Amino acid sequence: MNSVVNLTALFVHNMNQANIIPYSKQSISEADIEAVVSVLRSDFLTQGPVVPAFEQAVANYCHAWHGIAVSNGTAALHIACMSLGLGPGDWLWTSPITFVASANCGLFCGAKVDFVDIDPHTFNISALALEKKLIEAKLQGKLPKVVVPVHMCGQPCDMAAVHALSIKYGFKIIEDASHAIGAKYLGEPIGNGRYSDITVFSFHPVKIITTGEGGMAVTNSDVLAQKMKLLRSHGISSAPAEMETRPSDEIWNYQQIDLGFNYRMTEIQAALGLSQLKRLDEFVDIRKNIAMFYDQAFSLVDIKIPWQHPDTQSSFHLYPIQVTMTSSISQQSLYQTLTQAGLKVNLHYIPVYRQPYYARLGFKKGYCPNAEKYFKKSISIPIYASMNTEQQQHVVDLIQSFCHSKVVKQTVGARL
Ligand SMILES: *Cc1c(COP(=O)(O)O)cnc(C)c1O
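Being a predicted model, the structure only gives us computed values, none of them experimental.

Colleague: An account of the site of the ligand is requested, with residue identities and associated values reported.
Modeller: Residues in contact with the ligand amount to 16 residues; listed here are only the nearest, Gly73, Thr74, Asp176, Ser202 and Lys207. In the model, an oxygen atom of the ligand is placed 2.6 Å from a nitrogen or oxygen of the Thr74 side chain. Within the side chain of Ser178, one N or O atom sits 3.3 Å away from a nitrogen atom of the ligand. Every element with two or more residues in the shell around the ligand is listed here: helix 4 (73-83) and helix 5 (101-108). In terms of residue count, helix 4 provides more of the shell around the ligand than any other element does, 3 residues in total. Class assignment for the residues of the shell around the ligand results in 5 nonpolar, 9 polar and 2 charged.

Here is the structure:
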């Protein structure tokens, strides 16, 4: 036993030694550790009092009525779609510039999935492109049942426009706010449900706050909340009001009344989440300051910084820089240079329909031109709450010197 423990400790130690700067990672405090330890010493590791406390705290934070905590953000998207009745014959539309789960949740339900191109300034679903596609879909009788706007990088979508279209064309809205807990739209917190039916968060360690794995759906609808609670726990209820009448000489202390899953969050995860939530605003502030530092540092080089819409306050989950089409700086050489220097930079995202699985469903390269342009230009550089100033400066130095070396080469080349 001891040797196993020591090996684990050694492995963790070596991992920490490596001088690698990821694009994002968690920030864990002693208070977080204490919160988790106290659950480990308690009577419940799952289905105890901490999960409901975490749900209430998140709902309060984002001004929603109900929170349904689940095992991950993907599970939250799945039960959100199911609770809205998405099924075979229906369509779910989302942005191609997102993590695959925003689209997969439609396929889980047997529905068909389609993509609406992005706005090149915000990288979010374009309300104009959405309207155009809705007009065509209406003529063909193929209107979507659910649209999933994704608050890309933590910057909220144009929700007022999407909501107005939902009333005109009769679709439901699930906000994929996996990047955007702590963000604001028109001065109000994401998750308040003013412009949607359900909002979904992810608490994966790269996101704004973490529970290890974990997610939550928030809604203002009693009916949707009740359905999602049922679906996350096998479709089983023990609430007398939900159960069917059975002979009184039999013991029916629970009933399976729907086909659900085990998508529950543990008490251990919820304790971490509850503790992390206390620092959410601080995390967002730190991320914002790093973004401002980058904005300034890159204002003098040939790099495009992410634009912020004045209606929004981003949670700055990601900071994608873009190479400009005219410069000598290529996305691939920048990616290689940064990766070789130990930065675990990433690409958020490859357009979902370009993934082999989706290509097999018939989607073609070039389907969403703005998404493809973004894919060929952008690189997400490190931004996270536990990132120190030396690390931030290191990232800036690497990118600035890369850009300068390209400029010098280009000028020399021009003279020859
Ligand atoms: C992370 C993420 C998800 C999935 O969340 P998990 O908790 O990893 O299942 C869904 N959508 C987007 C946009 C994400 O970034």
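Colleague: Can you tell me about the domain arrangement of the protein chain, naming the residues and giving the values?
Modeller: The domain boundaries assigned to the protein chain delineate domain 1 (2-22 + 280-415) and domain 2 (30-277). Spacing between the C-alpha centres of domain 1 and domain 2 amounts to 27 Å. Across the boundary between the two partners, domain 1 contributes 36 residues, which contact 40 residues of domain 2. Interface of domain 1 and domain 2: buried area, both sides summed, is about 3,200 Å²; carbon and sulfur atoms make up 63% of it.

Colleague: Tell me about empty space enclosed by the protein, and name the residues and values.
Modeller: Per the counting criterion, the structure on display carries 3 cavities of 30 Å³ or more. Within this model, the largest cavity holds a volume of roughly 80 Å³. In terms of lining residues, the largest cavity is bounded by Met159, Glu175, Tyr185, Glu188, Pro189, Ile190, Gly191, Asn192, Gly193, Arg194 and Tyr195. Partitioned by chemical class, the residues of the lining of the largest cavity number 5 nonpolar, 3 polar and 3 charged. The volume enclosed by the second largest cavity comes to roughly 60 Å³. What lines the second largest cavity is a set of 14 residues, and nearest its centre among them are Lys25, Gln26, Ser27, Lys207 and Ile208. Class assignment for the residues of the lining of the second largest cavity results in 6 nonpolar, 5 polar and 3 charged. The residues that make up the lining of the second largest cavity include at least three from each of domain 1 (2-22 + 280-415) and domain 2 (30-277).

Colleague: Could you give an account of the sheet that holds strand 17 (residues 378-381), with specific residues and numbers?
Modeller: Working definition: the strands of a sheet are paired by backbone hydrogen bonds and lie parallel or antiparallel to each other. The strand order 13-15-17 describes an open sheet built from 3 strands, whose pairing is antiparallel. The outermost strands of the open sheet, each flanked by one partner alone, are strand 13 (303-304) and strand 17. Strand direction decides the pairing type here: strand 15 (residues 319-323) and strand 17, joined by 4 bridges, are antiparallel. Residue pairing in the sheet places Pro320 in a bridge with Ser380 of strand 17.

Colleague: Any details on the pattern of salt bridges? Residues and values, ideally.
Modeller: Enumeration according to the criterion identifies 7 salt bridges in this entry. Arg194 is the partner of Glu188 in a salt bridge, and the nearest nitrogen-oxygen pair spans 2.7 Å. On the basis of relative accessible area, Glu188 is assigned to the partly exposed category, the value being 25%. As a salt-bridge pair, Glu244 and Arg246 come within 3.1 Å of each other at their nearest N and O atoms. The partly exposed category is assigned to Arg246, whose relative accessible area is 37%.

Colleague: Before we move on, can you summarise the packing of aromatic side chains with the specific residues and values?
Modeller: Across all of its chains, the model carries 15 aromatic pairs by this definition. Both rings, one in Phe115 and one in Phe363, keep their centres 5.2 Å apart while their planes meet at 75 degrees; by these two values the pair is edge-to-face. Residue Phe115 is found in strand 4 (residues 112-115), and its partner Phe363 is found in the loop between helix 12 (356-360) and helix 13 (369-377); the two are separated by 248 residues along the sequence. Ring geometry for Phe293 versus Tyr294: centroids 6.3 Å apart, planes at 35 degrees, classification tilted. Classification of Phe293 by relative accessible area gives partly exposed; the value is 28%. Residue Tyr294 is classed as buried on the basis of its relative accessible area, which comes to 0%. Here the guanidinium or amino end of Lys133 rests over the ring plane of Trp93, the centre of that ring lying 5.4 Å away. Directly above the aromatic system of Trp252 lies the positively charged group of Arg246, at a separation of 5.2 Å from the ring centroid.

Colleague: Run through the pairing of strand 3 (residues 91-94), naming residues and quoting values.
Modeller: Burial of the side chains of strand 3 extends over both faces: Trp91 and Trp93 are buried on one face and Leu92 and Thr94 on the other. Two strands pair when backbone bridges link them, and strand 3 and strand 4 are joined in this way by 4 bridges, in the parallel orientation. The residue of strand 4 that forms the bridge with Trp91 is Lys112. Each parallel crossover has a hand, and the one from strand 3 via helix 5 to strand 4 is right-handed. Pairing geometry for strand 3 and strand 5 (residues 146-148), over 3 bridges, is parallel. Across the sheet, Leu92 pairs through a bridge with Val146, a residue of strand 5.

About the thresholds
Residues numbered from 1 in each chain as written. Predicted model: local features only at pLDDT ≥ 70, side-chain atom pairs only at ≥ 80, totals over all residues. Heavy atoms only, no water. Near = heavy atom within 4 Å. Polar contact = N/O pair within 3.5 Å; in protein donor to acceptor, adjacent residues only side chain to side chain. Helix = DSSP H or I, 4+ residues; strand = E, 2+ residues; numbered from the N terminus. Nonpolar A, V, L, I, M, F, W, Y, C, P; charged D, E, K, R; others polar. Domains from an automatic or database assignment. Contact = heavy atoms within 4.5 Å. Buried area = accessible area lost by both parts, 1.4 Å probe. 1 Å grid on protein atoms, 1.4 Å probe; cavity = no way out; pocket = protein on both sides within 12 Å on 5 of 7 lines; lining within 4 Å. Points joined across faces, edges and corners; volume = space filled by probe spheres on them. Pairing = 2+ DSSP bridges. Salt bridge = Lys/Arg side-chain N within 4 Å of Asp/Glu carboxyl O. Buried < 20%, exposed > 50% of the residue type's maximum accessible area, 1.4 Å probe, protein only. Phe/Tyr/Trp six-rings, centres within 6.5 Å; stacked < 30°, edge-to-face > 60°. Lys NZ or Arg CZ within 6 Å of the ring centre and 35° of its normal. Right-handed = clockwise from strand over helix to strand, strands pointing away.

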